[in-house]
Amino acid sequence: MLSFLGGAGGGADIALSAIVKINDAQVEQAARKAGAIMDKHFALGRYTTDFKQFQQSIDAATSRVTAFGLTAGIYFTIKAAIQGVVKATVEMEKGLTDINVILNLSSRNLKIFSEDLIRVAANTGQTFKTAAQAATEFSRQGLGVEETLKRTRDALILSRMAGIDTMAAVTDLTAAMNSFNNSILDSTQLVSKFVAVDQRFAVSSADLAEAIKRVGSTAQDAGLDIDQLIGLVTALQEKTARGGANIGQSFKTILTRVQDPGIIDQLESFGIIARDANRNLLPTIDILKRISHEISNMPQGDAFKIENLIGKLYQINQLKAVMEDLNRKNSTADAAAGISRGSNNEAL
């Protein structure tokens, strides 16, 4: 019996020892788990700290890049400005040299001229290069210094007001001045007429300039003054909106045929008086008004014959439009001619 108990006690010791070992293993395992959790906690803290340091490095790098970009931008802006000044200076020297080849001014007078030309360019909102090109063209026409500057200013104003190229403005202004040199005092007066009519009627300065360039000399030969021609162009543009080039060509045909002796004879056969008591032709504008009045009271067939006689196939519609306006009590042609005649430096 005792031996059994002793044997049993030995078994109990073994069992207890096993239990203790199991508990020790569990404790060790639990400790390892706790240590792992703590390690993870401390690692997260290190990650957070490292991320903040990384963000600070990124912010610092961004600030350096921004500062570099601003510095580079300022540098390139200054560089471009210096290059622009150098380019403008070279263009100015070239422009003045080209002009002085024609005007042959002394150094002192050339300096004065350049200052005046710079002032003209600034006052008209144009570049010096553009002003110099216009001045060169006018100087080639044999104009003096003062007249060259005046026409340059007026051409630049016309270019801006009409929305046309500067050299086109130079050409239009020159053609009109050459056609009506006996009735136009200067180019400023001409541009003022364009601007005054432009502001009050449905016609642009560009249309007026283009039409007069094409028909100016014919109108002068027909005895029309600049104001009457501006009135006729304005009336036709308001009625047809055909544009200055087309209208100029139409009036070139109409005015040429109205002066033809053969056509005048045919007009008189219809009872339209076109000559005075001495058999001299009446002013063209008067002939046109007589035609417009007479055909309004004629049978349609006779009216068509007269319209076809003067306007032919291609200009008959334009002629009808002009006749309708001239036959009105308050015609656009007369009103526009009056505005043109009474203009007073509207361009300045």
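Residues numbered from 1 in each chain as written. Predicted model: local features only at pLDDT ≥ 70, side-chain atom pairs only at ≥ 80, totals over all residues. Heavy atoms only, no water.

Some thoughts on the overall build of the chain
Which entries qualify depends on this criterion: For helices the rule is a DSSP run of H or I covering at least 4 residues; for strands it is a run of E covering at least 2, with both sets numbered from the N terminus onward. Per-residue accessibility, obtained with a 1.4 Å probe over protein chains only, is compared with the maximum for each type, and a residue is labelled buried under 20%, exposed over 50%, and partly exposed between these values. Note on contacts: a residue pair qualifies if any of its non-hydrogen atoms lie within 4.5 Å across the two residues.
When its secondary structure is counted, the chain shows 13 helices and 0 strands. When the 348 residues of the chain are sorted by exposure, 39% land in the buried category. Taking all contacts inside the chain whose residues are at least 6 apart in sequence as the whole, residues at least 24 apart take part in 65%.

Considering helix 11 (residues 284-295)
Selection rule: The span one expects for a helix is its residue count, reduced by one, times 1.5 Å. What the arc describes is the spread of directions from the helix axis to the C-beta atoms.
Helix length check: helix 11, at 12 residues, gives a terminal C-alpha distance of 17 Å against a target of 16 Å (1.5 Å per residue), a fit within 8%. Of the positions making up helix 11, those classed as buried are Thr-284, Ile-285, Ile-287, Leu-288, Ile-291, Ser-292 and Ile-295. Each buried residue of helix 11 sits inside an arc of 160 degrees when the element is viewed along its axis, so together they form one side. The elements touched by buried residues of helix 11 are helix 8 (226-240), helix 9 (244-258), helix 10 (261-269) and helix 12 (300-326).

A few points about the nonpolar core
Stated precisely, the cut-off is as follows: Definition used in this section: a nonpolar core is a set of buried Ala, Val, Leu, Ile, Met, Phe, Trp, Tyr and Cys residues joined via side-chain atoms within 4.5 Å.
Membership of the largest hydrophobic core comes to 66 residues, with the highest contact counts inside it found for Leu-232, Phe-251, Leu-267, Ile-291 and Ile-310. Per-element tally for this core: the top contributor is helix 12, with 9 residues. With near-sequence residues (within four places) excluded, Leu-232 lies in contact with Leu-224, Phe-251, Ile-285, Leu-288, Val-322, Leu-326 and Ala-333. Grouped together as the second largest cluster of nonpolar side chains are 15 residues, Leu-117, Ala-121, Phe-128 and Ala-132 included.

Things to note about the packing of helix 6 (residues 187-200) against helix 7 (residues 205-221)
What counts here: Interaxial angle, 0 to 180 degrees, is taken between N-to-C directions of lines fitted to C-alpha atoms, where a helix line uses only the stretch in contact. Oblique is the label for any angle not under 35 degrees, not over 145, and not in the 65 to 115 range, which are roughly parallel, roughly antiparallel and roughly perpendicular in turn. Take the far helix as your reference; a near helix turned counterclockwise from it by less than a right angle gives a left-handed crossing, and one turned clockwise gives a right-handed crossing. Gly is placed with the polar residues, together with every amino acid not listed as nonpolar (Ala, Val, Leu, Ile, Met, Phe, Trp, Tyr, Cys and Pro) or charged (Asp, Glu, Lys and Arg).
In the contact formed by helix 6 and helix 7, the axes pass within 8 Å of each other and the chain directions differ by 130 degrees. When the axis of helix 6 is compared with that of helix 7, the two are oblique. For the pair helix 6 and helix 7, the sense of crossing is right-handed. The segment helix 6 lies against helix 7, with Phe-194, Val-195, Val-197 and Asp-198 engaging Ser-205, Leu-208, Ala-209 and Ile-212. Along the lines of polarity and charge, the residues of the contact of helix 6 with helix 7 split into 6 nonpolar, 1 polar and 1 charged.

Description of unusual backbone geometry
What you tend to see is this: most non-glycine residues have negative phi, and most peptide bonds are trans. Backbone geometry places Asn-104, a non-glycine residue, at a positive phi of 55 degrees. Assignment of secondary structure puts Asn-104 in the loop between helix 1 (2-103) and helix 2 (107-124).

Overview of the side chain of Ser-343
Definition in use: Pairs of N or O atoms are called polar contacts if they sit within 3.5 Å, as long as, within protein, a hydrogen donor faces a hydrogen acceptor (for residues adjacent in sequence, only side-chain-to-side-chain pairs).
Considering the arrangement of structural elements, one finds Ser-343 in the segment after helix 13 (332-341). Judged by relative accessible area, Ser-343 falls into the buried class, the value being 15%. A distance of 2.9 Å separates the side chain of Ser-343 from the backbone oxygen of Ser-340, its partner in a polar contact. Among all residues touching Ser-343, those that are not within four sequence positions of it are Gln-189, Ser-192, Lys-193 and Ala-196.

Focus: the confidence of the model for the chain
Which entries qualify depends on this criterion: pLDDT measures the predictor's confidence residue by residue and takes values from 0 up to 100.
Of all residues in the chain, 78% attain a pLDDT of 70 or more, and the chain-wide mean is 83. Predicted confidence for residues 1-12 stays below pLDDT 50, and this span has 0 contacts to residues more than four positions away or in other chains. For the stretch residues 40-44, pLDDT sits under 50, and the model shows 0 contacts to residues farther than four places along the chain or on other chains.

Some words on the pattern of salt bridges
Under the convention used in this document: Think of a salt bridge as a Lys or Arg side-chain nitrogen and an Asp or Glu carboxyl oxygen that are within 4 Å of each other.
Applying the stated criterion across every chain, the model contains 16 salt bridges. The salt bridge involving Asp-116 is made with Arg-119; its shortest N-O contact spans 2.8 Å. Of this pair, Asp-116 and Arg-119 both sit in helix 2, 3 residues apart, which is roughly one turn of that helix. On the basis of relative accessible area, Asp-116 is assigned to the partly exposed category, the value being 25%. Overall, Arg-119 belongs to the partly exposed group, its relative accessible area being 47%. Overlapping salt bridges, with partners in common, bring together Asp-172, Glu-210, Lys-213 and Arg-214 in one network.

Some remarks on helix 7
Over its 17 residues, helix 7 runs 23 Å from end to end, which matches the ideal 24 Å to within 8%, given 1.5 Å per residue. Of all 17 residues making up helix 7, 12 are buried, and the element is well covered by its neighbours. All of the buried residues in helix 7 are Ser-205, Ala-206, Asp-207, Leu-208, Ala-209, Glu-210, Ala-211, Ile-212, Val-215, Gly-216, Thr-218 and Ala-219. Turning to helix 7, the residues buried within the fold contact helix 4 (145-162), helix 5 (166-179), helix 6, helix 8 and helix 9. Looking one or two residues beyond helix 7, the residue adopting positive phi is Gly-223, at roughly 90 degrees.

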